[in-house]
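What follows is the residue order along each chain.
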Protein chains: 2
Amino acid sequence: MKHKIFTLVLTTLVAALVGCGQKADSAKTAALGKPMTDEPIQPINAANVSNPALVQLGMQLYFDPRLSKSGFISCNSCHNLSMGGTDNLKTSIGHKWNQGPINAPTVLNSSLNVAQFWDGRAADLKEQAGGPIANPGEMGFTHELAVKTLATIPGYVEEFKKVFGTDKITIDEVTKAIAAFEETLVTPNSRFDQWLKGDKNALTAQEVQGYELFKNSGCVACHNGPAVGGNSFQKMGVVEPYKGDSKAEGRAAVTGKDADRFNFKVPTLRNIEMTYPYFHDGEAKTLSQAVEIMGRIQLGRNFSKEENADIVAFLKSLTGDQPSFKLPQLPPSGPDTPSPQPFDAKPVKK
Amino acid sequence: MKHKIFTLVLTTLVAALVGCGQKADSAKTAALGKPMTDEPIQPINAANVSNPALVQLGMQLYFDPRLSKSGFISCNSCHNLSMGGTDNLKTSIGHKWNQGPINAPTVLNSSLNVAQFWDGRAADLKEQAGGPIANPGEMGFTHELAVKTLATIPGYVEEFKKVFGTDKITIDEVTKAIAAFEETLVTPNSRFDQWLKGDKNALTAQEVQGYELFKNSGCVACHNGPAVGGNSFQKMGVVEPYKGDSKAEGRAAVTGKDADRFNFKVPTLRNIEMTYPYFHDGEAKTLSQAVEIMGRIQLGRNFSKEENADIVAFLKSLTGDQPSFKLPQLPPSGPDTPSPQPFDAKPVKK
Ligand code: HEC
Ligand code: HEC
Ligand code: HEC
Ligand code: HEC
Ligand SMILES: [Ca+2]
Ligand SMILES: [Ca+2]
């Protein structure tokens, strides 16, 4: 039985997410010369899906606005998988049009992060996923009401039972499923990865030059590993202080240590072309601006126009295969499902 | 060349939307007895896609929040194709959390409507699609700014050129593409349609009984045709006045005629299980309530509990194949793309 579900969902979901990419990849590598080793950046691996039914449930929950008080905001509202897993806004719009305090990072490749959030206050994706549901400025709900809502939706009751073998839906199951879905949101097969794997034609001369400059000028000290970032907290403003309007103090909010003020998790630079605007406050509109600022305040370097363009060209080669799946269908509410509460008062009478 | 694009998009998009359903359908019909003719309801036909590249572009625009001033709201925000093409809210949430005046109808099968909107003020889907973009309470943008934004997005410039053969993006092209996508949003192959086509096992005895009651008690006078509605304007409250809080006066807003007060477009009952809450004001939470009210105020009938349940069971058999396509990927903004403007003021300084 377990096997049957596996095979079924595998065909519809995982084939698209994983299968094809992998095969094409290794064929190419074999044909086209030796993979690069000893590089500070490594290729991203395709997702390894061990429980497709869990992933499918997590996908539905990720897209379901009924996890919010208003019935209007889902994870996908702010981490839109049509747009690189972000909202492309300086700071997010949340419940009742609340203006968020910080730029929404992408969920793509977030499973590779050392911890979640700019300040790393969540250890992993499962811990993170509980946050926004109950955040008054994001989804504005409570875990209790979210679970109560799901428990009145016949389609979910059935799915949770299949996946978890129990009649009781819990927030623990909800976040587990969402995290399992998020773990599939990796973006292998970027042109840069093809190049790393030995396909010397995958990058242009300018892109290779940009990569060399990225290595030689010291960007890789912080942006390295498969995610080209995501694995440490670093000071924003090493050489020169960063001037912004945001109140965010970074890692210090978690550790309480003064030394951690303005230390932020180094963001992944995978798919960076899609995750504008940049920095925790979203103040850098273009990639060119972000590179200029990084060079200056982290490394004390003023890149020439050409150097800046070369690095930008390299960074754009980091865009990988975007998540590819059918728009999920959500099970309809039942007669006892509480109505969403987007507004406080009743509409004005005529 | 045209052929090549056709073949390509056909494989990825149209096969899923159209192909499979049709084949399975006719095979079944052939095997299982005579189709029902002379019924007041006819089966829905699968979409006939003549220009797949246009449809693909329209799909992207439909999902693109950059058509709104905030960069947050797309057509899919209020007509969510994961949820029956509606937002499942009493009245919609728009720009800056504006509380809309009326319930959002589904876009599914909306191409079958005699006109668009509850009062029919738009002649067709193309005319309709311009409305929400410039509506201050919906997407809050202007046609000029929407077009200007698209024209700075390199991926769109290329696609519009391919589809329309011109370098100039116009609102006319935008609404044409969105309408072409919407025309594919039909939902054939419901169990009721299978039954109409001759598969007598497609419905339960209760569902058939509900259909008989739906015909005999007079519902089909207004809810008929392939969309089971959508083809006329009718008084809400024929036998007994409808009591609601909404200011909407229906068709009279278009014709100026007193006789048209509280005449609304008869909604399609296709996928009605998914498009709760019901009526133009969204005041009926459940299908059972909606059926009770319709019987009483349109026909002067008080259905028994069993009769109500039978009709509800029949109505649920009208859920057809939901649109099935891969989550679209949107082309990233360019360096000159204007930033979205979700908030008036700058964030408060610390
Ligand atoms: C209203 C907008 C909004 C909604 C809704 C939202 N998020 Fe977020 N998300 C953000 C913002 C803003 C941050 C950054 C917060 C911070 O670091 O302090 C974030 C951070 C994250 C991160 C951490 C990524 C990283 O690299 O640190 C993950 C993962 C994530 N969200 C997933 C989700 C999931 C899953 C949901 C739904 C259950 C969700 N988000 C709902 C705005 C949102
Ligand atoms: C000392 C560590 C360090 C070095 C060196 C460094 N960065 Fe960063 N980088 C960071 C941190 C930390 C952030 C996040 C800062 C913030 O948002 O406040 C960041 C953010 C970025 C961003 C924006 C990412 C986003 O999603 O917002 C880009 C692009 C970037 N860096 C590129 C570079 C380039 C190019 C170089 C070399 C010229 C470089 N970085 C050098 C630590 C570093
Ligand atoms: C903020 C919510 C919202 C947004 C955004 C929105 N709509 Fe609507 N839509 C509505 C509401 C509410 C109505 C009903 C208005 C009326 O009848 O007066 C409606 C009506 C329609 C109808 C008429 C259906 C029928 O049966 O009469 C269509 C078609 C439609 N919208 C398509 C779109 C498209 C295409 C877009 C994007 C360009 C869009 N909508 C954006 C809320 C929205
Ligand atoms: C005289 C015309 C007429 C008759 C007869 C009629 N309806 Fe309706 N029906 C309408 C109109 C008009 C509306 C939309 C009213 C509104 O929203 O204000 C509607 C709405 C509905 C809705 C809600 C649809 C939605 O999406 O909101 C349902 C369900 C429904 N009718 C079922 C029935 C049933 C069942 C019967 C028979 C018992 C019936 N109708 C008889 C005209 C009619
Ligand atoms: Ca960003
Ligand atoms: Ca409705």
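None of these values were measured; they are calculated from a predicted model. (Residues numbered from 1 in each chain as written. Chains lettered and ligands numbered in written order. Predicted model: local features only at pLDDT ≥ 70, side-chain atom pairs only at ≥ 80, totals over all residues. Heavy atoms only, no water.)

### Structural notes on the nonpolar core
In terms of nonpolar packing, the biggest core is built from 88 residues, with A:L61, A:L81, A:L150, B:L61, B:L81 and B:L150 touching the most fellow members. In terms of residue count, the dominant contributor to this core is helix α2 (residues 52-63) of chain B (eight residues). Sequence-distant contacts of A:L81, defined by excluding residues within four places in its chain, comprise A:Y62, A:F63, A:N76, A:V107, A:L108, A:F181, A:L185, A:P323, A:F325, B:L327 and B:Q329. Core analysis: the next-biggest nonpolar cluster, separate from the first, contains 34 residues, A:A248, A:Y278, A:V291 and A:F314 among them. (Core = buried A, V, L, I, M, F, W, Y, C linked by side-chain atoms within 4.5 Å. Buried < 20%, exposed > 50% of the residue type's maximum accessible area, 1.4 Å probe, protein only. Helix = DSSP H or I, 4+ residues; strand = E, 2+ residues; numbered from the N terminus. Contact = heavy atoms within 4.5 Å.)

### As for the interface of chain A and chain B
Contacts between the two partners involve 56 residues from chain A, matched on the other side by 56 residues from chain B. When the two sides are added together, the surface that chain A and chain B hide from each other amounts to roughly 4900 Å², 61% of it contributed by carbon and sulfur. Taken together, chain A and chain B are joined by zero salt bridges. Our count for the contact surface shared by chain A and chain B stands at 18 residue pairs in polar contact (both at pLDDT 80 or more). Here the side of chain A that touches chain B is composed, by residue class, of 24 nonpolar, 19 polar and 13 charged. (Buried area = accessible area lost by both parts, 1.4 Å probe. Salt bridge = Lys/Arg side-chain N within 4 Å of Asp/Glu carboxyl O. Polar contact = N/O pair within 3.5 Å; in protein donor to acceptor, adjacent residues only side chain to side chain. Nonpolar A, V, L, I, M, F, W, Y, C, P; charged D, E, K, R; others polar.)

### As for the coordination of the calcium ion (ligand 6)
Residues and elements named next belong to chain B. In the first shell of the calcium ion (ligand 6), the protein supplies N103 (OD1), T275 (O) and P277 (O), at 2.4 to 2.5 Å from the metal. Ordering the donors of the calcium ion (ligand 6) by residue number gives the pattern N-x171-T-x1-P. Of this pair, N103 sits in the loop between β2 (98-99) and α4 (125-134) while T275 is found in the loop between β4 (263-265) and α11 (287-299), placing the two residues 172 residues apart along the sequence. (Donors = N, O, S within 2.8 Å, 3.2 Å for Na, K, Ca; no water.)

### Thoughts on the side chain of A:N80
All names here are of chain A. The residue N80 is located in the loop between α3 (75-78) and β1 (93-94) in this model. We classify N80 as buried; its relative accessible area is 11%. Apart from the residues within four sequence positions on either side, N80 is in contact with G85 and T86.

### Regarding helix α9 (residues 205-216) of chain A
Residues and elements named next belong to chain A. Its twelve residues place the ends of α9 16 Å apart at the C-alpha level, agreeing with the 16 Å of an ideal helix rising 1.5 Å per residue. Burial in α9 covers these residues: E207, G210, Y211, L213, F214 and K215. Considering only its buried residues, α9 is in contact with α8 (191-196) and α12 (305-316). (Expected span 1.5 Å × (residues − 1).)

### Examining unusual backbone geometry
Backbone geometry follows two general trends: most residues other than glycine have a negative phi, and most peptide bonds adopt the trans configuration. Residues and elements named next belong to chain A. P277 follows Y276 through a cis peptide bond whose omega is -10 degrees. Relative to the helices and strands, P277 is located in the loop between β4 (263-265) and α11 (287-299). Of note, F279 is a non-glycine position whose phi angle comes to about 80 degrees, a positive value. Relative to the elements of secondary structure, F279 occurs in the loop between β4 and α11. Among the residues examined, F279 registers a relative accessible area of 12% and is labelled buried.

### Considerations on the UniProt feature "binding site: heme c 1" (unreviewed entry) in chain A
Residues and elements named next belong to chain A. Per the UniProt record, "binding site: heme c 1" (unreviewed entry) is found at C75, C78, H79 and H95. Topologically, C75 is positioned in helix α3. With relative accessibility at 14%, the residue C75 sits in the buried group. Beyond its immediate stretch of four places on either side in the chain, C75 contacts Y62 and M139. (UniProt positions renumbered as here; feature names shortened; annotations may be inferred.)

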